[in-house]
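Residues per chain, in single letters:
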Amino acid sequence: MEAADAPGVFQPRDQRPPASVLFMCGMNAIRSPIAAAIATQLFPRLYVASAGVRKGEPDPFATVVMEESGLDLGRHRPHTIEELEDTNFDLVVTLSPQAHHRALELTRTMAVTVEYWPTPDPTLVDGTREQILDAYRDVRDQLRRRIKDRFGWVPLPSG
């Protein structure tokens, strides 16, 4: 694990950082599990979950690019928002248009912040295996930067 991916602490822009975050995408197979794994790695004290609008299948390319970062998605099983045991989150981050629409429907009577982070779908990329993996890496790296920026990530002091 590189220092850039080490567990850190919040230096949030707001006064009070969220205690729980839900990442949502279309099928909970690529974008939301990648974001959840990164957020959990960077902020071990943050409660993080992921879900989809529909249930997808595990994606082997997502598993490969996360292994490159030292994170294991091999045990992740996609599930929908309805399958979550707890839906009380401080923040819901949506990564696709359909997830954003669904999150707004579900939370309209709840005191929760919903943020839309448009994130490309790497399954739409054609080409060689390496070109496809590069599309997945771009998504992973974009989400890592966005999570660090949104939550004001700074590495834990050493020593």
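Residues numbered from 1 in each chain as written. Predicted model: local features only at pLDDT ≥ 70, side-chain atom pairs only at ≥ 80, totals over all residues. Heavy atoms only, no water.

For this particular structure, what's the right way to read helix 3 (residues 97-107)?
Residue pairs spaced three or four apart in an α-helix point in one direction, given the helix's 3.6 residues per turn. Among all positions in helix 3, only Ala99, His100, Ala103 and Thr107 are buried. One face of helix 3 carries all of its buried residues, which in axial projection span an arc of 100°. Exposed side of helix 3, more than 90 degrees from the buried face: Pro97 and His101 are the residues found there. If you follow the buried residues of helix 3, they end up packed against strand 2 (20-25), strand 4 (91-94) and strand 5 (113-116). (Buried < 20%, exposed > 50% of the residue type's maximum accessible area, 1.4 Å probe, protein only. Helix = DSSP H or I, 4+ residues; strand = E, 2+ residues; numbered from the N terminus. Arc of directions from axis to C-beta. Contact = heavy atoms within 4.5 Å.)

I would appreciate a short explanation of the nonpolar core in the present structure.
Burial of nonpolar side chains together is a common tendency in soluble globular proteins. Membership of the largest hydrophobic core comes to 32 residues, with the highest contact counts inside it found for Phe23, Ile34, Ile38, Leu143 and Ile147. Those elements giving two or more residues to this core turn out to be strand 2, helix 1 (31-42), helix 2 (60-67), strand 4 and helix 4 (129-151). Core analysis: the next-biggest nonpolar cluster, separate from the first, contains 11 residues, Ala51, Ile81, Leu84 and Val92 among them. (Core = buried A, V, L, I, M, F, W, Y, C linked by side-chain atoms within 4.5 Å.)

Quick question: what am I supposed to make of the sheet that holds strand 3 (residues 47-52) here?
Pairing between sheet strands relies on hydrogen bonds along the backbone, with the strands arranged either parallel or antiparallel. Within the open sheet, the four strands sit side by side as 3-2-4-5. Their pairing is parallel. If you trace the sheet from one side to the other, it starts and ends with strand 3 and strand 5, each paired once. On average, each strand axis in the sheet is tilted by 20° relative to the strand beside it, whichever way the strands run. Note: strand 2 against strand 3, six bridges, orientation parallel. Bridge pairing in strand 3 links cysteine 25 to glycine 52. Seen against the sheet, helix 3 touches strand 2, strand 4 and strand 5 and runs at an angle of roughly 170° to strand 5. (Pairing = 2+ DSSP bridges. Axes fitted to C-alpha atoms, helices over the stretch in contact; angles between N-to-C directions.)

What is the right way to read the environment of arginine 75 from this model?
Note that arginine 75 resides in the loop between helix 2 and strand 4. In the structure, arginine 75 is positioned 17 residues away from proline 58 in sequence and 9.0 Å away in space, judged by C-alpha atoms.

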